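Fold and contact review
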Amino acid sequence: MKLCEAIPLPIIIYLMWMVVGGLHLGQEGTMAKRLLILENGIIFEGEAFGADLFVTGEIVFNTGMTGYQESITDQSYNGQILTFTYPLVGNYGVNRDDYESILPTCKGVVVYEYARRASNWRQQLSLDEFLKIKKIPGISGIDTRALTKIIRQHGTMRATIANADDSIEHLQDQLQATVLPTDNIKQVSTKQSYPAPGTGRSVVLVDFGLKHSILRELAKRNCSVTVVPYDTRAEEILQLNPDGVMLSNGPGNPEDVPEALDMIRGVQGKIPIFGICMGHQLFSMANGAKTHKMKFGHRGFNHAVREIATGRVDFTSQNHGYAVSREDLPECLIVTHEEINDKSVEGVRHRDYPAFSVQFHPDAAPGPHDADYLFDEFMEMMDAHQAY
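Small disclaimer: the values here were computed from a predicted structure and weren't measured. (Residues numbered from 1 in each chain as written. Predicted model: local features only at pLDDT ≥ 70, side-chain atom pairs only at ≥ 80, totals over all residues. Heavy atoms only, no water.)

1. Regarding the pattern of salt bridges
Here the structure, examined in full by the defined rule, presents 21 salt bridges. With a shortest N-O distance of 3.0 Å, aspartate 262 and arginine 265 are connected by a salt bridge. Here aspartate 262 pairs with arginine 265, and both are found in helix α10 (residues 259-267), just 3 residues apart, close to one helical turn. Residue arginine 265 is classed as partly exposed on the basis of its relative accessible area, which comes to 39%. Through salt bridges with shared partners, a single ionic network connects Arg96, Asp97, Asp98 and Arg122. (Salt bridge = Lys/Arg side-chain N within 4 Å of Asp/Glu carboxyl O. Helix = DSSP H or I, 4+ residues; strand = E, 2+ residues; numbered from the N terminus. Buried < 20%, exposed > 50% of the residue type's maximum accessible area, 1.4 Å probe, protein only.)

Next comes the structure, spelled out in structure tokens:
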């Protein structure tokens, strides 16, 4: 019996596809080498994909098992090198439906294995092609479990992605001298107000680096949305006569946008407010709370959060490196949600005004939709305020 007769035809076709596609059959040696250099001196060597660029940023990790396109295009990762703990990334390509922003601003992508042959009926580009177009370098072949343990032990730190033929000593010196920017929100916020028309309630959405999924959730509820820049003044918002104000997610340290606090103080009590992620931190700070930088943050969509009043537990999508401090929380704020593992503050509500906020993403994308009912609560709050 001939060998080709002994092997089923589908297996022959699959093996030929792997050879032609270059999936781990002799072509890995042709890939360019690339380095990941950490601030603490540890160096990882891997293989290049994506854009051919030298970058430096804060390195963080995401524990999600899918949703790499949504994560890469999430503006909350502005200036950060994003490590995926799930071992295979890129296997379903990039499609037109899952963007959270059109112009992603993360600095780089780190994976254990990059799937160079994607397969999905919705895909338009491979992840490699997408990163090349968006000028984001990637590095694969990294032991992301070891890297994640280092970040968990030492905390988030600066890191550099560079080609292996560059001088390591020079790269290390340059890394140590790099000062990361603090205007992350200014970089990603819209420069001009724009509408997302609807036929229902009027909502002003303050853009600190918003995810498109927030707009999708408001569109599902027929809201007529006006998106405004992060530094819009309270008077300008009130002139739009909205039924409610949403404070979006965004990157960086909430202390870097003090102008937002005056805006929130000028709006609350007059119009219902709903804050998400960065919006939660800014809403809390506007009412006297303090925030602190977490050791390595919450990034992923498997974070269990308890609603204190009911005991309800939701699995949530999160992406933040700062948190509201529970110590010395002002009396005007009531803690409504807490993270089950580290007891961090995940939600607050104002005692006197129709205003609340959550640290997690009820819009998900990626992630479970356990908490999307909070958008409905915001709708009810606006209706009740109008009736009053």
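2. Comments concerning the nonpolar core
Val206, Phe208, Val245 and Leu247 are the most contacted members of the largest nonpolar core, which has 31 residues in total. Breaking this core down by element, the ones donating at least two residues are β11 (202-207), α9 (234-239), β13 (244-247), α10, α11 (278-286), β17 (333-339) and β18 (345-350). With sequence-adjacent residues up to four places away left out, leucine 247 is seen in contact with Val206, Phe208, Met263, Ile264, Ile273, Phe274, Gly275, Ile276, Gly279 and Phe283. The next biggest cluster of nonpolar side chains, apart from the first, holds 25 residues, and it includes Ile214, Val225, Phe356 and Tyr373. (Core = buried A, V, L, I, M, F, W, Y, C linked by side-chain atoms within 4.5 Å. Contact = heavy atoms within 4.5 Å.)

3. Quick word on the environment of glutamate 236
With respect to the secondary-structure elements, glutamate 236 resides in helix α9. What makes glutamate 236 partly exposed here is its relative accessible area of 35%. For the pair glutamate 236 and methionine 263, spaced 27 residues apart in sequence, the C-alpha separation works out to 9.5 Å. Within the structure, the side chain of glutamate 236 is placed 2.9 Å from the backbone nitrogen of arginine 233, a separation counted as a polar contact. (Polar contact = N/O pair within 3.5 Å; in protein donor to acceptor, adjacent residues only side chain to side chain.)

4. Focus on helix α8 (residues 212-220)
One turn of an α-helix holds 3.6 residues; hence residues three or four places apart share an orientation. Buried within α8 are the following residues: Ser213, Ile214, Leu215, Glu217 and Leu218. Summarising the contacts, the buried residues of α8 are in contact with β10 (194-196), β11, β12 (224-229), β13, β14 (273-276) and α12 (373-387). Downstream of α8 by one or two residues, asparagine 222 has phi in the positive range, about 60 degrees.

5. Brief notes about the sheet that holds strand β8 (residues 137-140)
Hydrogen bonding along the main chain pairs the strands of a sheet, whether they run parallel or antiparallel. If you walk around this closed barrel you meet the 7 strands as β1-β2-β8-β6-β4-β3-β9, and the pairing is mixed. Across the sheet, the mean angle from the axis of one strand to that of its neighbour is 35 degrees, orientation sign disregarded. Relative to strand β9 (residues 157-163), strand β1 (residues 33-38) runs antiparallel, the two being bridged by 5 bridges. What sits directly across from isoleucine 37, in β9, is threonine 160. Set on the sheet, helix α5 (residues 144-154) makes contact with β1, β2 (43-50), β3 (55-62), β4 (80-84), β6 (108-110) and β9; between it and β3 the angle comes to about 95 degrees. Strands β1, β2, β3 and β9 of the sheet are contacted by helix α6 (residues 168-177), whose axis makes an angle of about 145 degrees with β9. (Pairing = 2+ DSSP bridges. Axes fitted to C-alpha atoms, helices over the stretch in contact; angles between N-to-C directions.)

6. Observations regarding the UniProt feature "active site" (unreviewed entry) in the protein chain
Within this structure's numbering, the places UniProt gives as "active site" (unreviewed entry) are Cys277, His361 and Asp363. In summary, the annotated positions, though distributed over 87 residues, converge in three dimensions, the widest C-alpha pair being only 11.0 Å. Relative to the elements of secondary structure, cysteine 277 occurs in the loop between β14 and α11. Setting aside its immediate chain neighbours within four residues, cysteine 277 contacts Asn249, Asn319, His320, Val358, Gln359, Phe360 and His361. With respect to the helices and strands, the residue aspartate 363 is situated in the loop between β19 (355-358) and α12. (UniProt positions renumbered as here; feature names shortened; annotations may be inferred.)

7. Some remarks on the environment of serine 344
If you trace the backbone, serine 344 turns up in the loop between β17 and β18. For serine 344, a relative accessible area of 12% puts it in the buried group. One polar contact links serine 344 to aspartate 342, side chain to side chain, over a distance of 2.9 Å.

8. Points about the domain arrangement of the protein chain
For an interface, size is often stated in terms of accessible area lost upon the parts coming together. According to the domain assignment, the protein chain consists of domain 1 (33-180) and domain 2 (185-387). Measuring from the centre of the C-alpha atoms in domain 1 to the corresponding centre in domain 2 gives 28 Å. With 29 residues of domain 1 at the interface, the matching set in domain 2 holds 21 residues. Carbon and sulfur atoms supply 46% of the area that domain 1 and domain 2 bury against each other, a total of about 2,000 Å² over both sides. The largest share of the area that domain 1 buries against domain 2 comes from Gln75, Ser76 and Glu100, three residues that together contribute 29% of it. Remark: the boundary between domain 1 and domain 2 carries 2 salt bridges. A salt bridge links glutamate 100 to arginine 216; its shortest N-O distance comes to 3.0 Å. Counting across the interface, domain 1 meets domain 2 through 14 residue pairs in polar contact (both at pLDDT 80 or more). Taken together, the residues of the side of domain 1 that touches domain 2 break down into 7 nonpolar, 16 polar and 6 charged. (Domains from an automatic or database assignment. Buried area = accessible area lost by both parts, 1.4 Å probe. Nonpolar A, V, L, I, M, F, W, Y, C, P; charged D, E, K, R; others polar.)

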